[in-house]
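Summary of structural features
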Amino acid sequence: MWPLRSMLFIPAHKTDWVQRVDRFRPDSIVLDLEDAVPRNLKVAARAQCREAIGVLKAKGIPAFVRINGWDEGGRDDVLAVAAAGFSGVMLPKARDVGQVRELDRVLAYVEGREGLDFESIVIMPLPETAEGLADARLLVAASPRCCTLAGIVGGTVEGDVARAMGFRPTLEGTEQLYLASKMVLDARAGGARWPMASIIGTALEDLAAVRTLVTRARSLGFSGAILIHPTHVAVANEVFAPTPDEVDYYAGLIEAMQAAEA
């Protein structure tokens, strides 16, 4: 399924949204059991999430799930939602390699239970603490399932990463460049070929600001964008698609190599 240009967040309990999502043409979906679900609905949302995974499988759209923190119900989330079509787990507030390794073992169990191929469910660590951000390379190296890592490319709204780092976010983003670049480098150095940029901190209707952040993410080396609104999907799909000039260049490079070998 890689590379994925776009991953769209949907609250895990909004199954009616899932039914209509294919009109926006996202490359993949993240069903969110963490921030998007009220605390009193989290247990009930697991069954709805499992149902949504089946709906997305029928549509041919890979389904990721952002579980709750590993020590805050995340393990039970995985055990409850695993079903055919479950493509990956976004592990929020990923802190240390022990969490990743334990998640790896639980995924191996549910793959066997559900008759899924071994290591077919990938892990996407989302470091949101100073400890996790500093050790991002170790996180992705902790499991062969970690073919991706989530970093943040943000606008002016302060989130968990900004608070962990202590910076004050701006749309220009100078204060974020080191960390975003570090996430890309840590991902690839640790074996995660497809780092994804979570695009946050813009007004939902400000597509120009979204385009600015998505373009910045691609320039920094991210392979796709994680998005919070369906109207942002088309922007990410366009920005992360190869340009005609890039297609021509690499097609010419292949032809030149074939000619030289001949």
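Heads up: the structure comes first, above all this text.
Residues numbered from 1 in each chain as written. Predicted model: local features only at pLDDT ≥ 70, side-chain atom pairs only at ≥ 80, totals over all residues. Heavy atoms only, no water.

**Notes on the pattern of salt bridges**
Within this structure, the stated rule accounts for 19 salt bridges. Between D160 and K93 there is a salt bridge, and its shortest N-O distance comes to 3.5 Å. Of this pair, D160 sits in helix α7 (residues 160–165) while K93 sits in the loop between β4 (86–92) and α4 (97–114), and the two are 67 residues apart along the sequence. Exposure remark for D160: the relative accessible area of 27% places this residue in the partly exposed category. We note a salt bridge from D96 to R95, for which the minimum N-O separation is 3.2 Å. Sharing partners across several salt bridges, the network here consists of D32, E34, D35, R66, K93, D160 and R163. (Salt bridge = Lys/Arg side-chain N within 4 Å of Asp/Glu carboxyl O. Helix = DSSP H or I, 4+ residues; strand = E, 2+ residues; numbered from the N terminus. Buried < 20%, exposed > 50% of the residue type's maximum accessible area, 1.4 Å probe, protein only.)

**Section: the pairing of strand β1 (residues 6–11)**
Counting buried positions along β1 gives six out of six residues, so the element sits mostly inside the fold. By the bridge criterion, three bridges tie β1 to strand β8 (residues 224–227) in an arrangement that is parallel. What sits directly across from S6, in β8, is A225. Across five bridges, β1 lies against strand β2 (residues 28–32) in parallel orientation. From the neighbouring strand, L8 faces β2, where its bridge partner is I29. Following the chain from β1 across helix α1 (residues 15–20) to the adjacent parallel β2, one finds a crossover that is right-handed. (Pairing = 2+ DSSP bridges. Right-handed = clockwise from strand over helix to strand, strands pointing away.)

**What to know about the side chain of D186**
Summarising the element assignment, D186 is placed in helix α8 (residues 177–189). Residue class for D186 comes out buried when judged on its relative accessible area of 10%. Here the side chain of D186 touches K182 through a polar contact of 2.5 Å, side chain to side chain. Beyond its immediate sequence surroundings of up to four residues, D186 is in contact with L133, A136, R137 and V140. (Polar contact = N/O pair within 3.5 Å; in protein donor to acceptor, adjacent residues only side chain to side chain. Contact = heavy atoms within 4.5 Å.)

**Notes on the packing of aromatic side chains**
Counting across every chain of the model gives three aromatic pairs. Relative to F64, the ring of W2 lies with its centre 6.1 Å away and its plane at 80 degrees, an arrangement referred to as edge-to-face. Separated by 62 residues along the polypeptide, W2 in the segment before β1 and F64 in strand β3 (residues 63–66) bring together distant segments of the chain. Between the NZ or CZ atom of R145 and the centre of the ring of F118, over which it lies, the distance is 5.7 Å. (Phe/Tyr/Trp six-rings, centres within 6.5 Å; stacked < 30°, edge-to-face > 60°. Lys NZ or Arg CZ within 6 Å of the ring centre and 35° of its normal.)

**Focus: the packing of helix α3 (residues 70–81) against α4**
Relative orientation of the contacting elements α3 and α4 amounts to 20 degrees, with a least axis distance of 9 Å. Looking at the two axes, α3 sits roughly parallel to α4. Between α3 and α4 lies a crossing of right-handed hand. Every residue of α4 that contacts α3 at W70, D71, R75, V78 and L79 is listed here: Q99, E102, L103, V106, L107, Y109, V110 and R113. (Axes fitted to C-alpha atoms, helices over the stretch in contact; angles between N-to-C directions. Parallel < 35°, antiparallel > 145°, perpendicular 65-115°, else oblique. Left-handed = near helix turned anticlockwise from the far one by under 90°.)

**Concerning the sheet that holds β4**
Read across the sheet, eight strands follow the order β5-β4-β3-β2-β1-β8-β7-β6 without closing on themselves; strand pairing throughout is parallel. A single partner strand is all that each edge strand has here, and the edge strands are β5 (122–126) and β6 (150–154). Across the sheet, the mean angle from the axis of one strand to that of its neighbour is 25 degrees, orientation sign disregarded.

**Considerations on the nonpolar core**
Burial of nonpolar side chains together is a common tendency in soluble globular proteins. Membership of the largest hydrophobic core comes to 81 residues, with the highest contact counts inside it found for L31, V65, V78, F86, L107 and I199. In this structure L31 touches I10, A12, V18, C49, A52, I53, L56, F64, V65 and R66, once residues within four positions along its chain are discounted. (Core = buried A, V, L, I, M, F, W, Y, C linked by side-chain atoms within 4.5 Å.)

**Thoughts on the side chain of H13**
Tracing the chain through its elements places H13 in the loop between β1 and α1. H13 sits in the buried class, given a relative accessible area of 16%.

Shape is all these values report; function is a separate question.
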